[in-house]
Each structure stands twice: as C-alpha cells, then as structure tokens.
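# Results of the structural survey
One letter stands for each residue in the lines below.
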Amino acid sequence: MKVRALVALFTVFCSMFLVWALPAQATTHRVCVDAGHGGTDPGAVYKSLEEKNVTLDIATRLQTLLQTAGYTVVMTRTGDTTLDNSQRAAICNNAHAEVLTSIHLNASSDHSIDYTLGLYGKISKDQAFAKTVNSAMSGLGIPNNGISHFADGMLLKAVMPATLAETVFISSDSEYGLLTDGTGNRQQQIAQFLLQGINTWFGV
Ligand SMILES: [Zn+2]
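Residues numbered from 1 in each chain as written. Predicted model: local features only at pLDDT ≥ 70, side-chain atom pairs only at ≥ 80, totals over all residues.

## Remarks on the packing of helix H2 (residues 51–68) against helix H7 (residues 185–202)
Two quantities define a packed helix pair, namely the angle between the helix axes and the distance between the axes. Just so we agree on the cut-off: Each axis is a line fitted through C-alpha atoms, and for a helix only the stretch in contact is used; angles between axes span 0 to 180 degrees, taken between their N-to-C directions. For the purposes of this entry, the term helix denotes a DSSP run of H or I that reaches at least four residues, the term strand denotes a run of E that reaches at least two, and both are numbered from the N terminus. Each angle is binned into one of four classes, with values under 35 degrees roughly parallel, values over 145 roughly antiparallel, values of 65 to 115 roughly perpendicular, and all other values oblique. Note: crossing handedness is left-handed where the near helix turns anticlockwise from the far helix by less than a right angle, and right-handed where it turns clockwise. Note on contacts: residues are paired as contacts if their backbone-placed C-beta atoms lie within 7 Å.
Two elements in contact, H2 and H7, have axes whose closest approach is 8 Å; the angle formed by their N-to-C orientations is 50 degrees. Relative to H7, H2 is oriented oblique. Seen along the crossing, H2 lies across H7 with a hand that is right-handed. In this structure, H2 uses Val 54, Asp 57, Ile 58, Arg 61, Leu 62, Leu 65 and Leu 66 to contact H7, whose residues at the interface are Gln 187, Gln 188, Ile 190, Ala 191, Gln 192, Leu 194 and Leu 195.

Here it is in structure tokens:
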C-alpha cells in the first residue's frame, strides 16, 4: 500500500514536470493578410516596380512568419488577381479573422520622401490596432508619420480591427534601391515588423 502510494506520488510528480517542460503553447489567433492592389490594378508604379507585386511579396513573407508563430492566416490573394474592397473584406469576414492587415506602399512625385504611415477606417474598432502595428514599423529606420483616418471601403466593411499599412514609399530612390537589390531583405524586414506589431496586439 505504501509502495503504491509512493508510485502514485511519483507519477503525479513526473506528469507535473512534463507539463512544465512542454514548450509554451503557440498562438492560435486568426489573421487576415491583404496584399494591396493586384490584377488589373498595379497600384503605384516607379521605374521597374509595381506596388501590387511588392505587396504580394511582403504579404507572402508575412504569411510564412505568422504560420511559423502558430497563427492561422487567411490571404485575400496569393496571386496576381483583381479584387475590389468588398471582396477583400468578405474574405476576411467569412473566415472570422480576428484582425486584418492590408499591405501597401506609398508614392510621391518627390523621390526623396520616405516614411511609414498607418491608416484606420472604423474609429472605435481600428484605431488602437492601427497604432499598435504602426508603432512596430518604427524599426524600419525611416520617419514614422503615425496613424491617420482613411474611410477606405475595405477597412469599413471588415468587421474586425483592421489597418492599412502604408509601409514605405515605392517612389523613394533609397527605398527603390533597397527593394530591388535582389536580396529581398527590405521586403523581409517590412514583414517582420508587421509580425511584431501583430504579436504585440495579441500579447504574444
Ligand atoms: Zn496602395
């Protein structure tokens, strides 16, 4: 009887240790990632770069980073397809995504301008999320112009907290150099800071 009790105690002790020794539970949150523009809409164009291709590149990198961290990722597009704002919002809504991050690049006729900017549509629901993601973008090493309100159809139609990240300026000569150096490092960096912002939002 005494031995049996000892064995039982030992078993309890071992199972407790096993639970403690297990790695931290991966996050299970569901994120919608939207690559801006696509198909017949190239977005901003500068020299050899079309915004729609850069946004898809960054979105695909972000998808991989999120999935590696355990997130379930819903993509509005994975190829060069044409989608309107309603379709983008519907994809995220139908998938019951908890947040939506839309990836864009800004443009200006002044090729020395480069900064990051976060846009929000729904005043009460989007603002805090836009701010959290935009704060992480300060890591890009360019000025951060904070967040602004933009009554974008996709942001307004998406039921979850959503932001449109104007990550960097495609029309900036220095940014263009980084984006076309063939390494993909700048695209990866942008994806990593977007991940960081999403992680902060979920407390991951
Ligand atoms: Zn855009």
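## Topic: the pairing of strand S1 (residues 30–35)
Here is the rule we go by: Our exposure labels follow a C-beta count within 10 Å of each residue's own C-beta, placed from the backbone: buried means 20 or more other C-beta atoms, exposed means 12 or fewer, and partly exposed covers the counts in between. For two strands to pair, DSSP has to find at least two bridges joining them.
Of all the 6 residues making up S1, 5 are buried; the element is thus mostly covered by neighbouring parts of the structure. Where S1 and strand S4 (residues 72–75) come together, 4 bridges link them in parallel fashion. Bridged to Val 31 within S4 is Val 73. Pairing of S1 with strand S5 (residues 99–106) involves 5 bridges; the strand directions are parallel. Counterpart to Cys 32 in the pairing with S5 is Leu 100.

## Describing the sheet that holds S1
Reading across the sheet, the 6 strands line up as S4-S1-S5-S8-S6-S7 and stay open at both edges, with mixed pairing between neighbours. Both outer strands of the open sheet, S4 and strand S7 (144–149), are each paired with one neighbouring strand and no more. Taking each pair of neighbouring strands and ignoring which way they run, the sheet shows an average axis angle of 25 degrees. Sheet strands in contact with helix H4 (residues 123–136) are S5, strand S6 (116–120), S7 and strand S8 (162–169), and its direction is about 165 degrees off that of S6.

## Considerations on unusual backbone geometry
Phi angles above zero are rare outside glycine, and His 37 is one such case at about 65 degrees. His 37 gets classed as buried once you count the C-beta atoms within 10 Å, which come to 24. Although it is not a glycine, Lys 47 sits at a positive phi angle of roughly 50 degrees. Here Lys 47 lies in the loop between strand S2 (45–46) and strand S3 (49–50).

## Side note on the pairing of S5
Most of S5 is tucked away, with 8 of its 8 residues classed as buried. Judged by which residues are buried, S5 turns out to be covered on both faces: Val 99, Thr 101, Ile 103 and Leu 105 on one side and Leu 100, Ser 102, His 104 and Asn 106 on the other are all buried. Bridge analysis of S5 against S8 gives 6 bridges, and the strand direction is parallel. Within S8, the residue paired with His 104 across the bridge is Glu 166.

## Thoughts on the packing of H4 against H7
For clarity, the threshold we go by: Residues are grouped as follows: Ala, Val, Leu, Ile, Met, Phe, Trp, Tyr, Cys and Pro are nonpolar; Asp, Glu, Lys and Arg are charged; all remaining types, including Gly, are polar.
Taken N-terminus to C-terminus, the directions of H4 and H7 make an angle of 135 degrees; their axes are 7 Å apart at the nearest point. One element, H4, and the other, H7, form an angle in the oblique class. Of the two elements, H4 crosses H7, and the hand of that crossing is right-handed. Every residue of H7 that contacts H4 at Phe 129, Thr 132, Val 133, Ser 135 and Ala 136 is listed here: Phe 193, Leu 194, Gln 196, Gly 197, Ile 198, Thr 200 and Trp 201. Residues that form the contact of H4 with H7 fall into these classes: 7 nonpolar, 5 polar and no charged.

## Some remarks on the environment of Thr 167
With respect to the secondary-structure elements, Thr 167 resides in strand S8. Owing to 29 C-beta atoms within 10 Å, Thr 167 belongs among the buried residues under this scheme. Considered as a pair, Thr 167 and Ala 191 are 24 residues apart in the sequence and their alpha carbons are 9.6 Å apart. Beyond its immediate chain neighbours, meaning those up to four positions away, Thr 167 contacts Ile 103, His 104, Leu 105, Thr 116, Met 137 and Ile 190.

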